[in-house]
Amino acid sequence: MSRLGTPFLDRNEHHPLEDYLRMDRIPHIWCPTCGLGTALNCMLHAIKKSGIPRQNIAVVSGIGCSGRAAGYVNLDSFHTTHGRAIPFATGLKLANPKLKVVLFSGDGDLIAIGGNHLIHAARRNIDLTVIGINNFNYAMTGGQFGPTTPEKARMTTAPYGSFEHPFNVPFLVDSCGATYVARWTALHVRHLTNSILEALHHKGFSFIEVISPCSTVYARRNRLGDGLDLLKYYHENSEIRNGINTRKCDITFQGRLIVGKFVDKEKPTYSDTMTKSLSEALGDRYVPYQGPMQGKNGD
Amino acid sequence: MKSNTPAVLTGAHYWDGDFACAEGAIAVGCRFFAGYPITPSTEVAERIALRFPLIGGVFVQMEDELGSMAAILGAAWAGTKSMTVTSGPGFSLMQENIGLGAMTETPCIVVNVQRGGPSTGLPTLTGQQDMMQARWGSHGDYEIIALSPSSPQECFDLTITCFNLSEKYRVPVLLMMDECVGHMTEKVVVPALGKIKVQHRRWYRGAKEKYRPYVPAKDGVPPMVKTGDDYRFHITGLTHDQRGYPVINPACQKQCVGRLVRKIKDNADKIIILKEEETEDADVIVVSYGISYRVATKAIADARKKGVKVGSLRLITVWPFPEKRIVELAKKTKCLVMPEINQGQVYLALERCAKGMCKTKLVPHYGGWVHDPNDILKAIIEGAR
Amino acid sequence: MKYWRKPLDTDRVKPPHGEVHIVIDRCKGCGFCITYCPRQVLEVSTHFNRKGYHPPTVVHPEACVNCGLCETICPDFAIWSTPVEEPEKQQKVTSEK
Ligand SMILES: Cc1ncc(C[n+]2csc(CCOP(=O)(O)OP(=O)(O)O)c2C)c(N)n1
Ligand code: SF4
Ligand code: SF4
Ligand code: SF4
Ligand SMILES: [Mg+2]
């Protein structure tokens, strides 16, 4: 028997992240060579490493292929509506400040339909960790162009190539006030995991853009091969430039990809400024929020 | 030492409906508010912004009503009583997430201080034109609860009732005020703290490992947990099974949506609050709600002076619609008259229930002001013939 | 701790060693692990798994340095590595306690 014919069989072993996954929902729905599983993998590794008590972590997603992530994590998790992951998470976080609220959602969800919430959450510096999956399109609906689709890429609603100017996402969130901004690709698993870990411990609005291969629609429509070919493109074209001015992070079709940690700064969060300003204004008349209702009060 | 301002301002006050609504929410334990300013509801938000820092609540002014609605759902799942307030245009923006609230069975309150529509319509003038939107505004089949106050006192009382119903049935509850009631100033009596009935959250009491988010109690409503207590639950707007996991097929749809519908329908008798006056041997019964009830009372008094036997049925709960009672009344009266500041919305439900057993008469109004009582009077007199 | 202070025994310092685990039927055959394993431990199997994909197979078990890259890059949670302690080293660690 050839060596190649005998794969290493190990059915009874347990994946190190099993406790963080809803194993009864695995395999997930994502396509072969899609990068979403990789990004989720990095997120869970970071959560595991963070040492944050698991019950204190909540995951919120919007709608889309990326948005399905919430359904796979063995944590308190919310699959909300298209575009509304950030405001839902805002309510969750402000009503229980002890929670570490992590968002995992797509470019369309966070930046198109949910764009207004994104810029305002960044402006307020709400303490949220956002993992924004940029697969350059609306994948779940079959591959339409979106706010991050590079010019010239062909999508179902841009059959002759997209001609809209895409967002430079790190620049967008940076200029709105995000206090932690990074971009990695699904190939940079160590950097990405580390960034998520840092963001989990960062106080304030953190945004990590993950350039992720969508094999089934983006790659196929643009004849770029499959997800593995896109990883190879990332490999050959990405340049780590930590601390670079986010203005310089534009992405062009199959062009150079600037990745790295761009912003990591301290700034009072929404809750900090609220508490400070109300204490100053009201003195000892100010009664800070006491947290959610306790179970024992119920019927 | 802290000079604490009490949460419940026991005593008699002169408040407008918007203020009374805010105070009702505070009194029943609402501690999270997210909203976006819109006339004629803004005073509620302003009052909350002023009061919450004194009583330990979180007020957040969101970037829009889509965000406000999503935020109160998030806060509810954090384990806090939450509300938002708006008017027509904002109510339209909230609809998708009201649906998420219904689907995920999230207790929360949406107050709509109605103004004239459609579109920007009459920002400062009254209307009752969002009543069908309250019932069917979000897509899909679902049941909702909507109450309508006729006075500032009721804005206070019914806000409390709304929260209690919402906790009991785990559904977003809508308080359908209108500009007139919202801006009307009257005496509002706030009872002592102990006298306010509070429905607490129906916390799950079983073993942690056994928790499934959508296993209903006897009345069809599942108990709830909150985020951060290590239940590791999943909530989705997709059709889901009792574990909360998405299951995309007709059988699960029937089970999932079926229970959302039944938990309200089967408990309708407990949810419906009506006020009846002299309906027993009435020839004509005026069915009304909100500000229109107050106008109708004048018409009813005038009609009685003219010797017409006229009764009144006020819908404090508009949705679910009191179908049973309307059928009973339709059997023994000549005519049901309904004034509404719209072109016939709740009237459609009335007509459907009367099923031709008696006459029904709509007294419509385009909005901007209340009815002329004489128009209602005319309908009463015609109905009595 | 003492180990780290001995600079001249490089001949005795072995790189970490790992054992690879693969849940064959969970694999969707993307090849990420195979392509990016820094030590070329893996190759595409000629076998089909139950889903009809070719999972990876371990061709150079001795080369695995337990870096965990395969584990983190796998979109399907199908592969991971666990450390294999050198027997000699293990003994020393235990005796140190
Ligand atoms: C209000 C609303 N509009 C449109 C849709 C349809 N829809 C579902 S997912 C999606 C796009 C998702 O794109 P993105 O957020 O980038 O996620 P991806 O699938 O690419 O991971 C759209 C438009 C929806 N569910 N809700
Ligand atoms: S359509 Fe694209 S983004 Fe969605 S699961 Fe498939 S490869 Fe991934
Ligand atoms: S742990 Fe590292 S060296 Fe070992 S197989 Fe995986 S990627 Fe290769
Ligand atoms: S990365 Fe995972 S899914 Fe892809 S080939 Fe390797 S084991 Fe299979
Ligand atoms: Mg996308």
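Per an unreviewed UniProt entry, the recorded name for chain C is 4Fe-4S ferredoxin, and the organism is candidate division WOR-3 bacterium JGI_Cruoil_03_51_56.

For chain B, an unreviewed UniProt entry supplies the name 2-oxoglutarate synthase subunit alpha and the organism candidate division WOR-3 bacterium JGI_Cruoil_03_51_56.

Caption draft 1: Looking closely at unusual backbone geometry. Note the cis peptide between A:Ile26 and A:Pro27, where omega equals 10 degrees. Here the amide bond leading from B:Trp319 into B:Pro320 is cis, since omega sits at 0 degrees, within 30 degrees of zero. The residue C:Phe77 is not glycine, and still its phi comes out positive at about 55 degrees. By the element assignment, C:Phe77 lies in the loop between α3 (69-73) and β4 (79-84). On the basis of relative accessibility, which here comes to 0%, the residue C:Phe77 falls in the buried class.

Caption draft 2: Summary view of the coordination of the magnesium ion (ligand 5). All names here are of chain A. Protein-derived coordination of the magnesium ion (ligand 5) comes from Asp107 (OD), Asn135 (OD1) and Asn137 (O), at a distance range of 2.0 to 2.1 Å. Here the donor residues of the magnesium ion (ligand 5) share one chain and are spaced in sequence as D-x27-N-x1-N. With a gap of 28 residues between them, Asp107 in helix α3 (residues 107-113) and Asn135 in the loop between β4 (129-134) and α5 (169-176) connect regions that are remote in the sequence. Asn135 shares its class with Asp107; the two are buried.

Caption draft 3: View of the interface of chain C and chain A. The interface is formed by 39 residues belonging to chain C together with 41 residues belonging to chain A. Summing both sides of the interface, chain C and chain A together bury roughly 3,200 Å²; the carbon and sulfur share of this comes to 61%. On the chain C side of the interface with chain A, the three residues burying the most area are C:Tyr36, C:Thr72 and C:Phe77, jointly 22% of the side's total. For C:Arg26, the salt bridge identified is with A:Glu18, shortest N-O distance 3.7 Å. Scanning the region where chain C abuts chain A turns up 10 residue pairs in polar contact (both at pLDDT 80 or more).

Caption draft 4: Quick look at the packing of helix α1 (residues 17-28) of chain B against helix α2 (residues 42-55) of chain B. Residue and element names in this part refer to chain B. Viewed as axis vectors pointing N to C, α1 and α2 meet at an angle of 35 degrees, and their least axial separation amounts to 8 Å. For the crossing formed where α1 meets α2, the hand is right-handed. For the pair formed by α1 and α2, the contact residues are Asp18, Phe19, Cys21, Ala22, Glu23 and Ile26 on the first element and Glu43, Val44, Arg47, Ile48, Arg51, Phe52 and Ile55 on the second. Looking at side-chain class alone, the contact of α1 with α2 contains 8 nonpolar, no polar and 5 charged residues.

Caption draft 5: Region of interest: the pairing of strand β13 (residues 310-315) of chain B. Residues and elements named next belong to chain B. Of all the 6 residues making up β13, 6 are buried; the element is thus mostly covered by neighbouring parts of the structure. Residues Val310, Ser312 and Arg314 of β13 are buried on one face, and the alternating residues Gly311, Leu313 and Leu315, pointing to the opposite face, are buried as well. Pairing of strand β11 (residues 274-277) with β13 involves 4 bridges; the strand directions are antiparallel. From the neighbouring strand, Lys275 faces β13, where its bridge partner is Arg314. Bridge analysis of strand β12 (residues 284-288) against β13 gives 5 bridges, and the strand direction is parallel. Of the residues in β13, the one forming a bridge with Val287 is Leu313. Taken together, β12, helix α10 (residues 291-305) and β13 form a β-α-β motif whose crossover is right-handed.

Caption draft 6: Main features of the interface of chain B and chain A. With 57 residues of chain B at the contact, the number on the chain A side is 53 residues. Of the charged contacts, one joins A:Asp24 and B:Arg243 as a salt bridge, the two residues approaching to 3.6 Å between their closest N and O atoms. In this assembly, chain B and chain A are joined by 24 residue pairs in polar contact (both at pLDDT 80 or more). Of all the elements in the fold, those that place two or more residues in the side of chain B that touches chain A are α2, β3 (58-61), α3 (65-78), α4 (88-104) and β10 (234-236) of chain B.

Caption draft 7: Broad picture of the packing of aromatic side chains. In the structure shown here, the tally under the stated rule is 12 aromatic pairs over all chains. Judged by centre distance (5.1 Å) and plane angle (45 degrees), the ring pair of A:Phe78 and A:Phe88 falls under tilted. With A:Phe78 in strand β2 (residues 76-79) and A:Phe88 in helix α2 (residues 85-95), the pair connects residues that are 10 residues apart, well separated along the chain. You'll find A:Phe78 and A:Phe88 in the same group, each marked buried. Consider the rings of B:Tyr211 and B:Tyr231, whose centres lie 5.2 Å apart with planes at 65 degrees: the pair is edge-to-face. Separated by 20 residues along the polypeptide, B:Tyr211 in the loop between β9 (185-190) and β10 and B:Tyr231 in the loop between β9 and β10 bring together distant segments of the chain. Grouping residues by exposure puts B:Tyr211 and B:Tyr231 together as buried.

Caption draft 8: Spatial organisation of the site of ligand 1. All names here are of chain A. Near ligand 1 you find 17 residues, and of these Cys65, Ser66, Asp107, Gly108 and Asp109 are the closest. Gly108 places a polar main-chain atom, nitrogen or oxygen, 2.8 Å from an oxygen atom of ligand 1. With the chains in place, 76% of the 590 Å² that ligand 1 exposes on its own is no longer accessible. Tallied by class, residues from the shell around ligand 1 come to 6 nonpolar, 8 polar and 3 charged.

Caption draft 9: Structural context of the site of ligand 3. Ligand 3 sits among C:Val20, C:Cys37, C:Pro38, C:Val41, C:Cys64, C:Val65, C:Asn66, C:Cys67, C:Gly68, C:Leu69, C:Cys70 and C:Ser81. Among the residues forming the shell around ligand 3, the class breakdown is 9 nonpolar, 3 polar and no charged.

Caption draft 10: Region of the structure containing the environment of B:Pro6. All names here are of chain B. Here Pro6 lies in the segment before β1 (11-16). Judged by relative accessible area, which is 46%, Pro6 ranks as partly exposed. Along the primary structure Pro6 and Ile55 are separated by 49 residues, whereas in three dimensions their C-alpha atoms are 7.0 Å apart. With sequence-adjacent residues up to four places away left out, Pro6 is seen in contact with Arg51 and Ile55.

Definitions and cut-offs
- Residues numbered from 1 in each chain as written.
- Chains lettered and ligands numbered in written order.
- Predicted model: local features only at pLDDT ≥ 70, side-chain atom pairs only at ≥ 80, totals over all residues.
- Heavy atoms only, no water.
- Helix = DSSP H or I, 4+ residues; strand = E, 2+ residues; numbered from the N terminus.
- Buried < 20%, exposed > 50% of the residue type's maximum accessible area, 1.4 Å probe, protein only.
- Donors = N, O, S within 2.8 Å, 3.2 Å for Na, K, Ca; no water.
- Contact = heavy atoms within 4.5 Å.
- Buried area = accessible area lost by both parts, 1.4 Å probe.
- Salt bridge = Lys/Arg side-chain N within 4 Å of Asp/Glu carboxyl O.
- Polar contact = N/O pair within 3.5 Å; in protein donor to acceptor, adjacent residues only side chain to side chain.
- Axes fitted to C-alpha atoms, helices over the stretch in contact; angles between N-to-C directions.
- Left-handed = near helix turned anticlockwise from the far one by under 90°.
- Nonpolar A, V, L, I, M, F, W, Y, C, P; charged D, E, K, R; others polar.
- Pairing = 2+ DSSP bridges.
- Right-handed = clockwise from strand over helix to strand, strands pointing away.
- Phe/Tyr/Trp six-rings, centres within 6.5 Å; stacked < 30°, edge-to-face > 60°.
- Near = heavy atom within 4 Å.
- Areas by Shrake-Rupley, 256 points an atom, 1.4 Å probe, with all protein chains shown as cover.

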